Amino acid sequence: MNQEPSTKKKKAEEEQEVWKWWEEEKKDNGVKWTFLEHKGPVFPPDYERLPKNVKFYYDGKEVELSEEAEEVAGFYAKMLDHDYTTKEIFNKNFFKDWRKVMTDDERALITDLKKCNFKKMHAYFMDAAENNRNRSEEEKKALKEKNEAIVKEYGTCVIDGHKEKIANFRLEPPSLFRGRGEHPKMGKLKRRLNAEDIIINCSKDSKIPEPPPGHKWKEVRHVNTVTWLVSWTENVQNQVRYIILNPSSKLKGEKDWQKYETARRLHKSINKIRNEYQQDWKSKEMKVRQRAVALYFIDKLALRAGNKKNEDQADTVGCCSLRVEHIELHEQKDDKEFVVVFDFFGKDSIRYYNEVPVEKQVFKNLGRFMENKKPGDNLFDRLNTSIMNKHLNELMEGLTVKVFRTYNASFTLQQQLDLLTNEDDSEAEKILAYNRANRAVAILCNHQRSVPKGHEKSMEKLREKIVQKREAIHDAERQVKEAIREANYGGVKEKVVADKKKKLLQRLKDQLAKLEIQETDRDENKTIVLGSSKLNYLDPRIIVAWCKKYDVPIEKIYSKTQRDKFRWAIDMAGPDYRFC
DNA sequence: TCGGAGACTTGACTCGAAGAGG
DNA sequence: CCTCTTCGAGTCAAGTCTCCGA
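- Chain A carries the name DNA topoisomerase I in an unreviewed UniProt entry, which gives Diabrotica balteata as its organism.
- Per UniProt, chain A has the following entry under Catalytic activity (unreviewed entry): "ATP-independent breakage of single-stranded DNA, followed by passage and rejoining."
- The UniProt entry for chain A carries the following comment under Subcellular location (unreviewed entry): "Nucleus".

Structure below.
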């Protein structure tokens, strides 16, 4: 019984085909596959009606809702103690969409969200969730097995003769849209999908996936120049969504590898590019100057491109879409000259705040770009991402704005690892060094998270522990002194006691040091996430090489899924690999 | 040149499971 | 062994970038 899970796990690992696609010849003629077969998507479970005793009240009176209205009401009820339901836009959008699915009678009756009482429904859902958490071991096991069966049947596909995992074979269930930041569409109903919404992509000569009984796919096509298996159009933002392959697949791995190779190519021309944009700060053409200053920010600060956005999306910006209101110029700030203060909301409405000393030339240019403009005007009014990328592609084939982010992130990691790693450190210290290097990248890329719930409380606890430890040390020190004094006068027994006390003191001191490291580490990581850069920006071969060179097991850095994703790098890179 | 569609990458958040501490 | 914290994987929203038609 004890052995079972681990042997099972091992078996699963063995079953996974180790196929060294990276040793095959590469070709890129736009064709992504020649054979593709899969089982199609897994639909979310059908809606189950609430028990009769779970009521909805309108204006104090019990109301029996139709099935559709009840389902959508349920989405709202589930979110009752969420911040979203306190937001006006969320409520407005929800109510509007909810009324759309009501029967005429319901629509006539229910005209004011404030008169709706979802409390019973809310309590029911909370209860159900609690019950789910408290499921018995047998129930959990049965559920797990059922799930594994679905994964086994739908979780993989066959592409060009190889079995590959699928990333997201389950369709998104209906829900209320949760846009990030101040999103104008938050609260809108994300519709339930039917087979009639779904486009299947697979080989002509493959076994075509079966739609659910009584249904038909919207379309079945056989396009081998794209990589998706299934697509549909999501109704809130009207965007196409896809079922795609897992990052461990050849298709994804090759793309990832390519990405880092492009970034490495950038290293060869980076000096030339930097010289050129510095020259362009003095260009007579305003467009060229703006481009040069923007590129400087992209290179130095790893800013995102900043595509144009619509009115019906959250107001966030990147480099090219910066507005006058997002920067402040200071001839002098603290003890620094020519400081630009950036303060704006970027991707996912994450705040970007940075005080950056810049070259005088850049500073003066920014002043000119801001002249006679209102706060809401574009800082780079002659520039957009398409102009920028066209220019970059002329400097180097395949160069785009995002390559700079990849390049600077991976470059920073390598440089920091060189700087922070000591040959004769312990494994734990080496891993700490890695984490520090990773953290430097995360800071560069502004990978933030909201402060975890209860962070302050857990910090408080930790500090409490530290205080206690200090007191214990104080106490122990006194005891040691005393014991030594006694030992000087006493015999062997007293000496043994004194030794024991000394050892205890040392242990306490070690524990304190550990706690203090933990304190700074946790506080530094309070708002910083390492995962995003690790997964998307750091050339895995740098890490693999570092592990091999310093004899750190790769498992200490990469989890199982990460090792699957980066198998090409683990296989490819020796201890001497250099990103640049 | 502009806008929108389509394809693909990136990113924070959530929740259950694993792991550490008492 | 139990509880509390940390971690990993999954989820789905939000970016980037290319292409195409008017």
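Don't stop here, the text continues.
1. A look at the overall build of chain A
Next up, step 1: Within chain A, the regular secondary structure consists of 18 helices and 15 strands.
Next up, step 2: Counting only C-alpha atoms and orienting by the principal axes, one finds that chain A spans roughly 95 × 75 × 55 Å.
Next up, step 3: For chain A, the proportion of its 580 residues judged to be buried stands at 41%.
Next up, step 4: Considering only residue pairs separated by 6 or more positions, chain A has 68% of its internal contacts joining residues 24 or more positions apart.
Next up, step 5: Carbon and sulfur atoms make up 48% of the accessible area of chain A, which amounts to about 34,400 Å² in all.

2. A few points about the protein's contact with DNA strand C
Next up, step 1: Close to DNA strand C lie 28 residues; Arg180, Lys309, Arg522, Ser559 and Thr561 are nearest.
Next up, step 2: Protein-proximal atoms of DNA strand C, defined as those within 4 Å of the protein, fall in sugar or phosphate at a share of 90%.
Next up, step 3: Here glycine 306 contributes a backbone N or O atom positioned 2.7 Å from a phosphate oxygen of DNA strand C.
Next up, step 4: Here a phosphate oxygen of DNA strand C and a side-chain polar atom of threonine 561 are 2.3 Å apart.

3. Side note on the protein's contact with DNA strand B
Next up, step 1: Around DNA strand B, the structure places 26 residues, and the nearest of them are Tyr242, Lys252, Lys347, Ser532 and Tyr537.
Next up, step 2: In the interface set of DNA strand B, defined as its atoms within 4 Å of the protein, sugar plus phosphate atoms amount to 89%.
Next up, step 3: One nitrogen or oxygen atom from the side chain of lysine 347 is found 2.6 Å from a base oxygen belonging to DNA strand B.
Next up, step 4: For the surface near DNA strand B, the secondary-structure elements that each account for two or more residues are β12 (239–243), α7 (250–280), α11 (401–420) and α15 (531–536).
Next up, step 5: In terms of residue count, α7 provides more of the surface near DNA strand B than any other element does, three residues in total.

4. A short note on the UniProt feature "active site" (unreviewed entry) in chain A
Next up, step 1: Here, the residues flagged by UniProt with the feature "active site" (unreviewed entry) are Tyr537.
Next up, step 2: Structurally, the position occupied by tyrosine 537 is in the loop between α15 and α16 (540–550).
Next up, step 3: Tyrosine 537 has contacts with Tyr260, Arg405, Thr406, Ala409, Ser410, Cys445, His447 and Ser532, leaving out every residue within four places of it along the chain.

5. Examining the confidence of the model for chain A
Next up, step 1: Confidence in the prediction for chain A averages 91 pLDDT; 97% of positions are at 70 or higher.
Next up, step 2: Mean pLDDT in chain A bottoms out at helix α1 (residues 4–15), which sits at 44, and peaks at strand β9 (residues 199–201), which reaches 98.

6. Some thoughts on the side chain of glutamine 414
Next up, step 1: Its place among the elements puts glutamine 414 in helix α11.
Next up, step 2: The residues touching glutamine 414, leaving out its near neighbours within four places in the chain, are Ile542, Tyr577, Arg578, Phe579 and Cys580.

7. Re the sheet that holds strand β3 (residues 61–63)
Next up, step 1: With respect to topology, three strands assemble into an open sheet ordered β3-β2-β4, the strand pairing being antiparallel. Here the strands that pair on one side only, and so sit at the sheet edges, are β3 and β4 (116–117).
Next up, step 2: Pairing analysis gives two bridges linking strand β2 (residues 56–58) to β4, with the strands arranged antiparallel. By the bridge assignment, tyrosine 58 is partnered in β4 with cysteine 116.

8. As for the side chain of asparagine 438
Next up, step 1: Position of asparagine 438 among the secondary structure elements: in helix α12 (residues 427–444).
Next up, step 2: Using a relative accessible area of 1% as the deciding quantity, one classes asparagine 438 as buried.
Next up, step 3: When neighbours within four sequence positions are excluded, asparagine 438 is seen to be in contact with Leu413, Leu530, Ser533, Lys534 and Leu538.

9. What about the pairing of strand β14 (residues 336–345)?
Next up, step 1: Bridging between strand β13 (residues 327–333) and β14 involves six bridges; their strand directions are antiparallel. The residue bridging glutamine 332 from the neighbouring strand is glutamate 337, located in β14.
Next up, step 2: Here β14 runs beside strand β15 (residues 351–357); their pairing, made up of seven bridges, is antiparallel. Note that in β15 the partner of phenylalanine 344 across the bridge is tyrosine 352.
Next up, step 3: Connecting β14 to the next strand, β15, in antiparallel fashion are five residues, including aspartate 348 with a positive phi near 60 degrees.

10. As for the packing of aromatic side chains
Next up, step 1: Overall, the coordinates contain 31 aromatic pairs when judged by the stated rule.
Next up, step 2: Aromatic side chains tyrosine 76 and phenylalanine 94 sit 4.3 Å apart centroid to centroid with 15 degrees between the ring planes, which places their arrangement in the stacked category. Of the two residues, tyrosine 76 is situated in helix α2 (residues 67–78) and phenylalanine 94 in helix α3 (residues 88–101); the sequence distance between them amounts to 18 residues.
Next up, step 3: Looking at phenylalanine 94, the relative accessible area reads 0%, which means it is buried.
Next up, step 4: By the ring-pair criterion, three or more aromatic residues cluster together here, those being Tyr277, Trp281, Tyr296, Phe297, Phe342, Phe344, Tyr352, Phe369 and Phe380.
Next up, step 5: When the ring centre of phenylalanine 125 is taken as origin, the NZ or CZ atom of lysine 78, which lies over that ring, is 4.8 Å away.

11. Re the nonpolar core
Next up, step 1: Counting residues in hydrophobic clusters, the biggest one holds 78 residues, and the most contacted among them are Phe297, Phe342 and Phe380.
Next up, step 2: Not counting residues up to four positions away in its chain, the partners in contact with phenylalanine 380 are Gln290, Val293, Ala294, Phe297, Cys319, Cys320, Leu322 and Phe369.
Next up, step 3: By size, the runner-up hydrophobic cluster in this structure holds 29 residues, among which are Val54, Leu65, Ala69 and Phe95.

12. Concerning α11
Next up, step 1: Taking 1.5 Å as the rise per residue, α11 with 20 residues should run 28 Å; its terminal C-alpha atoms sit 29 Å apart, in good agreement.
Next up, step 2: Summarising burial for α11: 14 of the 20 residues are buried, a large majority.

13. Some details on the sheet that holds β12
Within a sheet, neighbouring strands are paired by backbone hydrogen bonds and run either parallel or antiparallel to one another.
Next up, step 1: As summarised here, the arrangement of the four strands in space is β10-β9-β11-β12, forming an open sheet in which the pairing is mixed. Two strands close off the open sheet at either side, each with one partner strand: β10 (219–221) and β12. Averaged over all adjacent pairs, the angle separating strand axes in this sheet is 25 degrees, with direction ignored.
Next up, step 2: With five bridges joining them, strand β11 (residues 230–234) and β12 adopt antiparallel strand pairing. Within β12, the position partnered with glutamate 234 by the bridge is glutamine 239.

14. Things to note about the pairing of strand β6 (residues 162–165)
Remember that side chains alternate between the two faces of the sheet whenever the strand is regular.
Next up, step 1: What you see with β6 is a clean split: His162 and Glu164 sit on the buried side and Lys163 and Lys165 on the side with no burial.
Next up, step 2: Summarising the sheet, strand β5 (residues 156–159) and β6 pair through four bridges and their orientation is antiparallel. Counterpart to valine 158 in the pairing with β6 is lysine 163.
Next up, step 3: Counting the residues between successive antiparallel strands, the hairpin from β5 to β6 contains two residues, one of them, aspartate 160, with a positive phi of roughly 50 degrees.

Basis of the calculations
- Residues numbered from 1 in each chain as written.
- Chains lettered and ligands numbered in written order.
- Predicted model: local features only at pLDDT ≥ 70, side-chain atom pairs only at ≥ 80, totals over all residues.
- Heavy atoms only, no water.
- UniProt positions renumbered as here; feature names shortened; annotations may be inferred.
- Helix = DSSP H or I, 4+ residues; strand = E, 2+ residues; numbered from the N terminus.
- Buried < 20%, exposed > 50% of the residue type's maximum accessible area, 1.4 Å probe, protein only.
- Contact = heavy atoms within 4.5 Å.
- Areas by Shrake-Rupley, 256 points an atom, 1.4 Å probe, with all protein chains shown as cover.
- Near = heavy atom within 4 Å.
- Polar contact = N/O pair within 3.5 Å; in protein donor to acceptor, adjacent residues only side chain to side chain.
- pLDDT = per-residue confidence, 0-100.
- Pairing = 2+ DSSP bridges.
- Phe/Tyr/Trp six-rings, centres within 6.5 Å; stacked < 30°, edge-to-face > 60°.
- Lys NZ or Arg CZ within 6 Å of the ring centre and 35° of its normal.
- Core = buried A, V, L, I, M, F, W, Y, C linked by side-chain atoms within 4.5 Å.
- Expected span 1.5 Å × (residues − 1).
- Axes fitted to C-alpha atoms, helices over the stretch in contact; angles between N-to-C directions.

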